[in-house]
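Residue strings, one per chain:
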Amino acid sequence: MSKKIGCLLVHGFGGDVSEVEYLAAYLRLNGCSVICTQLKGHTGTRKDMVGVRYFQWMQSAEKDLQELLNRNEKIFIIGFSMGGLIGINLSLKYNVSGLVCINTPIFCWDLKNIGSNVLQGILNKDYKNIKRYLYSIWKYPFSSLYNFKLFVRISKRNLWKIILPTLIVQAKDDDTVKSKSAEYIYSKINSQNKIIKYFEKGGHTILKGPAGKNVSEFVLEFILKL
């Protein structure tokens, strides 16, 4: 690499850095400087999310972004799920080289995929997805859900301001984020260099499964071309 490349990786709502660790390791192996942001209140404990506002999630990532800006020539923000919304908003404030949004929510909860997962779980006597759905209902306090929905609305209003190179990645079988979210983002941003890439399989946490390698390769290719 001719220039030092820094990558800020931001996990999703209610998640943690494990959601992006595979991609982070892949980028480091290929010479990138990487920071994985741990968002405020995202400790895995419900009570720690109570009262945390969406702008505090952004502030967590902003602090790490400033550190990368101080020691790299080119910066990329790579956001998974809600991390993509954080990337959208921070890229409007800082001079970064590119943006990557992975399974980023505009429209949430794909009932078709959820129903299919529930049915398959019952037929196969594999109840992990059913347990995950029930756990999600309990896991998040109302204040956090409200701030998430508010953040989605704010981010939608800012999409037209995006003019930097942008890669949008979406798993078609994502049961948390409807795949039409990717097309919406693609159609609303004003970048002259924008790419949308769909993966047939991968689910919502696409980077943690078998598709993670292919996604990571595609992200690195996007970065190196800029």
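Residues numbered from 1 in each chain as written. Predicted model: local features only at pLDDT ≥ 70, side-chain atom pairs only at ≥ 80, totals over all residues. Heavy atoms only, no water.

**Student:** Describe in detail the pattern of salt bridges, supporting the description with residues and values.
**Tutor:** One pass over the full model with this rule turns up five salt bridges. Here arginine 71 ties to glutamate 67 by a salt bridge, and the two come within 3.3 Å at their closest N and O atoms. On the criterion of helical spacing, the pair formed by arginine 71 and glutamate 67 is a turn pair, its members being four residues apart in helix H3 (residues 54-71). Arginine 71 gets classed as partly exposed once you look at its relative accessible area, which sits at 34%. For glutamate 67, a relative accessible area of 40% translates into the label partly exposed. For glutamate 221, the salt bridge identified is with lysine 225, shortest N-O distance 3.1 Å. (Salt bridge = Lys/Arg side-chain N within 4 Å of Asp/Glu carboxyl O. Helix = DSSP H or I, 4+ residues; strand = E, 2+ residues; numbered from the N terminus. Buried < 20%, exposed > 50% of the residue type's maximum accessible area, 1.4 Å probe, protein only.)

**Student:** Give me the packing of H3 against helix H7 (residues 142-158): which residues, what numbers.
**Tutor:** Viewed as axis vectors pointing N to C, H3 and H7 meet at an angle of 70 degrees, and their least axial separation amounts to 8 Å. The angle between H3 and H7 falls in the class roughly perpendicular. Contacts between H3 and H7 involve Tyr54, Trp57 and Met58 from the former and Ser144, Asn147, Phe148, Leu150, Phe151 and Ile154 from the latter. Split by residue class, the contact of H3 with H7 holds seven nonpolar, two polar and no charged. (Axes fitted to C-alpha atoms, helices over the stretch in contact; angles between N-to-C directions. Parallel < 35°, antiparallel > 145°, perpendicular 65-115°, else oblique. Contact = heavy atoms within 4.5 Å. Nonpolar A, V, L, I, M, F, W, Y, C, P; charged D, E, K, R; others polar.)

**Student:** Can you lay out the sheet that holds strand S2 (residues 33-37) for me, pointing to particular residues and giving the numbers?
**Tutor:** One open sheet accounts for six strands, arranged S2-S1-S3-S4-S5-S6; its pairing is parallel. A strand with exactly one partner marks an edge of an open sheet, and here the two such strands are S2 and strand S6 (194-199). Between one strand and the next, the sheet's axes are offset by a mean angle of 15 degrees, whatever the strand orientation. By the bridge criterion, six bridges tie strand S1 (residues 5-10) to strand S3 (residues 74-80) in an arrangement that is parallel. Note that in S3 the partner of cysteine 7 across the bridge is phenylalanine 76. On top of the sheet, helix H1 (residues 21-29) reaches S1, S2, S3 and strand S4 (98-102); it is set at about 165 degrees to S2, its chief contact. Contacting strand S5 (166-171) and S6, helix H8 (residues 180-188) runs over the sheet at an angle of about 170 degrees to S6. (Pairing = 2+ DSSP bridges.)

**Student:** Talk me through the packing of aromatic side chains; I want residue IDs and the actual numbers.
**Tutor:** Tallied over the entire structure, the rule returns six aromatic pairs. Between phenylalanine 13 and tryptophan 57, the ring centres sit 5.7 Å apart and the planes meet at 65 degrees, which makes this aromatic pair edge-to-face. Of this pair, phenylalanine 13 sits in the loop between S1 and H1 while tryptophan 57 is found in helix H3, placing the two residues 44 residues apart along the sequence. The pair phenylalanine 13 / tryptophan 57 is uniform in exposure class, with both members buried. An angle of 80 degrees between the planes, with centres 5.8 Å apart, marks the rings of tyrosine 54 and phenylalanine 55 as edge-to-face. The buried category is assigned to tyrosine 54, whose relative accessible area is 18%. You can call phenylalanine 55 partly exposed: its relative accessible area is 34%. An aromatic cluster is defined as three or more aromatic residues linked by ring pairs; in this entry it consists of Phe13, Trp57, Tyr140 and Phe148. The ring of phenylalanine 107 carries lysine 180 above its face, with NZ or CZ at 4.6 Å from the centroid. (Phe/Tyr/Trp six-rings, centres within 6.5 Å; stacked < 30°, edge-to-face > 60°. Lys NZ or Arg CZ within 6 Å of the ring centre and 35° of its normal.)

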